[in-house]
Amino acid sequence: MIRFQKKNLLYKVYTWLPILVLFISVFNEFDLNYLNIDYFSFNFPFILIFYFALKAYQKFDYFLVFLAGLFNDAVVGLPLGISSLSYILICIFATYLRNITISPNLIKDWFYFLFIISLINSINFSILFLFFSYELDITLFIVNNFFTFLFYIIFSIFFKRYLKSLDD
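For the structure given in this document, a descriptive report is provided here. (Residues numbered from 1 in each chain as written. Predicted model: local features only at pLDDT ≥ 70, side-chain atom pairs only at ≥ 80, totals over all residues. Heavy atoms only, no water.)

Let us look at the overall build of the protein. Along its length, the protein carries seven helices and zero strands. Counted from the first residue to the last, the protein has its helices and strands arranged as α-α-α-α-α-α-α. Here the C-alpha atoms of the protein give a radius of gyration of 16 Å, agreeing with the 15 Å that 2.2 N^0.38 yields for 168 residues. Oriented by its inertia axes, the alpha-carbon framework of the protein measures out at about 50 × 35 × 30 Å. Evaluated residue by residue, the protein yields a buried proportion of 45% over its 168 residues. Pairs at least 24 residues apart make up 75% of the contacts formed inside the protein by residues separated by at least 6 positions. Taken as a whole, the protein presents about 10,000 Å² of accessible surface, with 68% of it coming from carbon and sulfur. Here the protein contributes 11 positive and 10 negative side-chain charges, whose respective centroids are spaced 22 Å apart. (Helix = DSSP H or I, 4+ residues; strand = E, 2+ residues; numbered from the N terminus. Rg over C-alpha atoms; globule rule 2.2 N^0.38 Å. Buried < 20%, exposed > 50% of the residue type's maximum accessible area, 1.4 Å probe, protein only. Contact = heavy atoms within 4.5 Å. Areas by Shrake-Rupley, 256 points an atom, 1.4 Å probe, with all protein chains shown as cover. Lys, Arg positive; Asp, Glu negative; His and termini not counted. Charge placed at Lys NZ, Arg CZ, Asp CG, Glu CD.)

A separate point is the packing of helix 4 (residues 62-76) against helix 5 (residues 82-100). What describes two packed helices is the angle between their axes and the distance between those same axes. As a packed pair, helix 4 and helix 5 sit with axes 6 Å apart at the nearest point and diverge in direction by 150°. Classed by the angle they form, the pair helix 4 and helix 5 counts as roughly antiparallel. Handedness of the crossing formed by helix 4 with helix 5: right-handed. Of the residues in helix 5, those touching helix 4 at Tyr62, Val65, Phe66, Ala68, Gly69, Leu70, Asn72 and Asp73 are Ile82, Ser83, Ser84, Tyr87, Ile88, Cys91, Thr95 and Arg98. The residue makeup of the contact of helix 4 with helix 5, split by class, is nine nonpolar, five polar and two charged. (Axes fitted to C-alpha atoms, helices over the stretch in contact; angles between N-to-C directions. Parallel < 35°, antiparallel > 145°, perpendicular 65-115°, else oblique. Left-handed = near helix turned anticlockwise from the far one by under 90°. Nonpolar A, V, L, I, M, F, W, Y, C, P; charged D, E, K, R; others polar.)

Below, the discussion takes up the packing of aromatic side chains. Considering all chains together, one arrives at 28 aromatic pairs under this definition. Ring centres 4.6 Å apart and planes at 50° place the aromatic pair Phe42 and Phe151 in the tilted group. Here Phe42 is found in the loop between helix 2 (17-28) and helix 3 (44-55), whereas its partner Phe151 is found in helix 7 (residues 138-167), with 109 residues between them in sequence. (Phe/Tyr/Trp six-rings, centres within 6.5 Å; stacked < 30°, edge-to-face > 60°.)

Structure, rendered in structure tokens:
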């Protein structure tokens, strides 16, 4: 386990690691297209934002999440504000779940995450298709939704270890 002194500069960078990883992921637009696997994609920023807005909201700044969405729109070429709206909606729904939950449960969080990403992907699809006349394939949204849902459990294990290392 990693142990830091609380006033150390390295500890401060380590506490900001989720935001740094979020910005790296939106600047990089990592999507595994280089492996030439058809119909495989997942949305890592959705997983990261949902988990940390749900579990470690004190260390996760929502303004920076909104800003990361603007950068994502600029990198991907979407209309400005679509990703920011998605990211902030994830923060809002995660905050709602955190406030109504008495006893946290990973499986319940996981299925609530499925509901949220399905809702957000359908909103994104509707906005892009109806208002901006993008030619979109719904199967890509469904595949992305499915794999994002599956990878949430895997990444939540790593994020839980990260939060535990911060608390130690």
